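Residues per chain are reported as follows:
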Amino acid sequence: MAQIHGQVESWKRLQRELKSRGIQRFNTINEINDFLNNFRDQNETILRNHRENLKNEIRDLNQSIKRNLEQIEITQRKTQIEIEVRIDTAKINIDNLSVKENKNFIHKILNNYRLKKQKKLLDYLSSNTTLIISKATESIKKKIGKDEKQLEYLNENSEQIIRKRSQPEIQKLENIKEILEDLNLLIAGAVGESLVVKEIEKLPDDFILINDFNLRFKKPIYKIDTREKILSVQIDHLLIAKSGIYILETKNWSKKSIESPDLRSPVEQIRRTSYALYLVLSRANIKLKKHHWGKRKIPIKSIIAMINEKPREEFKYVRVKSLRELTGYISYFEPAFTESEVEQIAKYFLRIQN
């Protein structure tokens, strides 16, 4: 498998853009594609989850009502027994106080007071048994009433409740989808560049790929034929191999984009980059094995990798290849360097890039 260095440029730009808009859930371009492809299913999953949650909530309410009804019966029985015990105790106290003789006047008054109090308690307990039991279960009945009211509301308005509860999550997904659609060109670029990397990975491990290779020049490079000052270069993929250096520019363009005169020519873009890279290499102190004929040249080949459509025309100095043609074309060329020379060239580029 080819050696890969760095992330693709459009993916890094996309990550920065998503982060600036508060989205950090995507770690790969495949995750974005999965999100977009399964958007409808995700909405259905949210609704299904809230439907299940509501079902569980209704089940819990029914169980709570059942437990509290059982608790009422237990409390009623317990309270009834407590009342009966208190009635029996009051009767015993009355009997004891009625037969008790008190010669002391003060004791007699206290005894009469206690007797009257026990009779009053007995009368209250005997006359208000139902009320006492009802008060003992009052708080439980209120809880049951509250649960029954909530249960009725949930059953009668279930779909409306599910939609309302799901809305914040669904709206969040809608917002993410709108942002991704707004960044469609960046995503298309990231998809295209990621596909190219996957293709290059299929090559042997003596191929070295540097993603998002870029240089800025302190002194501009002057391109004579176009009278252009080159301040910097950015290459989607710089591939170093035994057969030379490959400048790879990825375009995930539609047929309409290819035919549009308003879009900058990728051929001119890659020729500009190739010229700058040629000058950089000519000034580099890369020590290649000497040949008795003279100083060896490092060949630079320029390729535009097209992900979707591909123009029928061919162009000078630049090859336009579809994704499925890419590795076959690169593998066609005969080796010109040793493996150690490839590593030396790759280390040089990794060192000088910004």
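Our subject in this report is the structure included herewith. None of the values given here were measured: they were computed from a predicted structure.

Considering a nonpolar patch on the surface
Nonpolar side chains collect at one region of the surface, where Phe105, Ile106, Ile109 and Leu110 lie side by side and expose about 420 Å² of accessible area between them. Turning to its location among the elements, Leu110 is positioned in helix H4 (residues 105-127).

Details of the pattern of salt bridges
Should the charged atoms of two oppositely charged side chains come close, the side chains can pair. Evaluation of the coordinates by the stated rule reveals 16 salt bridges. When the shortest N-O distance is used, the salt bridge between Arg21 and Glu17 registers 3.1 Å. Glu17 gets classed as partly exposed once you look at its relative accessible area, which sits at 27%. In this structure, the salt-bridge partner of Asp147 is Lys143, at a minimum N-O distance of 2.8 Å. Separated by four residues within a single helix, Asp147 and Lys143 lie in helix H6 (residues 138-156), roughly one turn from each other. Here the residues in one salt-bridge network are Glu17, Arg21 and Asp182, joined through shared partners.

A few points about the sheet that holds strand S3 (residues 228-241)
Strand order in the open sheet formed by six strands is S1-S2-S3-S4-S5-S6, with mixed pairing between adjacent strands. The sheet is open, and its two edges are formed by strand S1 (3-5) and strand S6 (318-322), each paired on a single side. Averaged over all neighbouring strand pairs, the angle between strand axes comes to 40 degrees, with direction disregarded. Of the pairings in the sheet, the one linking S1 to strand S2 (residues 208-223) comprises three bridges and is parallel in character. Residue pairing across strands places His5 opposite Ile210, the latter belonging to S2. Where helix H12 (residues 339-352) meets the sheet, it contacts S1, S2, S3 and strand S4 (244-251), and its direction lies at approximately 60 degrees from that of S2.

Brief notes about the environment of Phe207
When you line up the elements, Phe207 lands in the loop between helix H8 (184-201) and S2. As a C-alpha pair, Phe207 and Ser127 span 80 residues in sequence and 100 Å in three-dimensional space. If we ignore the near neighbours within four places in the chain, the residues touching Phe207 are Ala2, Gln3, Leu239, Ile240, Ala241 and Ile330.

Let's talk about helix H11 (residues 323-332)
Turning to H11, its buried residues are Leu323, Leu326, Thr327, Tyr329 and Ile330. Looking straight down H11, one finds that the buried residues subtend no more than 165 degrees of arc, so they occupy a single side. When the buried face of H11 is taken as reference, the exposed residues oriented beyond 90 degrees from it are Arg324 and Tyr332. Tucked inside the fold, the buried residues of H11 contact H8, S3, S4, strand S5 (300-306) and S6.

Here we look at the packing of aromatic side chains
The final tally for this structure, using the stated rule, is seven aromatic pairs. Aromatic side chains Phe35 and Phe39 sit 6.0 Å apart centroid to centroid with 65 degrees between the ring planes, which places their arrangement in the edge-to-face category. With respect to class, Phe35 is no different from Phe39; both count as buried. Each ring, one from Tyr329 and one from Phe333, has its centre 5.1 Å from the other, and the planes form 90 degrees; the classification is edge-to-face. A relative accessible area of 24% means that Phe333 is categorised as partly exposed.

Quick notes on the packing of helix H3 (residues 39-99) against H6
Viewed as axis vectors pointing N to C, H3 and H6 meet at an angle of 155 degrees, and their least axial separation amounts to 9 Å. Between H3 and H6, the angle falls in the class roughly antiparallel. Of the two elements, H3 crosses H6, and the hand of that crossing is left-handed. Within the contact between the two elements, H3 uses Leu54, Glu57, Ile58, Leu61, Asn62, Ser64, Ile65, Asn68, Leu69, Gln71, Ile72 and Thr75 and H6 uses Ile140, Lys141, Lys143, Ile144, Asp147, Glu148, Gln150, Leu151, Leu154 and Asn155.

Topic: the environment of Thr250
With respect to the secondary-structure elements, Thr250 resides in strand S4. Assessed through its relative accessible area of 7%, Thr250 is described here as buried. Put simply, Thr250 and Ile307 are 57 residues apart on the chain and 7.4 Å apart in space, counted from C-alpha to C-alpha. Apart from residues no more than four positions distant in its own chain, Thr250 is found in contact with Gly192, Glu193, Val196, Asp236, His237, Ala305 and Ile307.

Points about the nonpolar core
The biggest cluster of nonpolar side chains holds 51 residues, and the ones touching the most others in it are Leu14, Leu18, Ile32, Ile200, Leu239 and Ile330. A per-element tally of this core places H3 first, with eight residues. Beyond its immediate stretch of four places on either side in the chain, Leu14 contacts Ile29, Ile32, Leu183, Leu186, Ile187 and Ala190. Leu215, Leu238, Trp253 and Ala284 belong to the second largest nonpolar core, which has 35 residues in total.

Rules used throughout
Residues numbered from 1 in each chain as written. Predicted model: local features only at pLDDT ≥ 70, side-chain atom pairs only at ≥ 80, totals over all residues. Heavy atoms only, no water. Patch = residues over 30% accessible without salt bridge, like charges linked within 9 Å, V, L, I, M, F, W, Y side chains within 5 Å. Areas by Shrake-Rupley, 256 points an atom, 1.4 Å probe, with all protein chains shown as cover. Salt bridge = Lys/Arg side-chain N within 4 Å of Asp/Glu carboxyl O. Helix = DSSP H or I, 4+ residues; strand = E, 2+ residues; numbered from the N terminus. Buried < 20%, exposed > 50% of the residue type's maximum accessible area, 1.4 Å probe, protein only. Pairing = 2+ DSSP bridges. Axes fitted to C-alpha atoms, helices over the stretch in contact; angles between N-to-C directions. Contact = heavy atoms within 4.5 Å. Arc of directions from axis to C-beta. Phe/Tyr/Trp six-rings, centres within 6.5 Å; stacked < 30°, edge-to-face > 60°. Parallel < 35°, antiparallel > 145°, perpendicular 65-115°, else oblique. Left-handed = near helix turned anticlockwise from the far one by under 90°. Core = buried A, V, L, I, M, F, W, Y, C linked by side-chain atoms within 4.5 Å.

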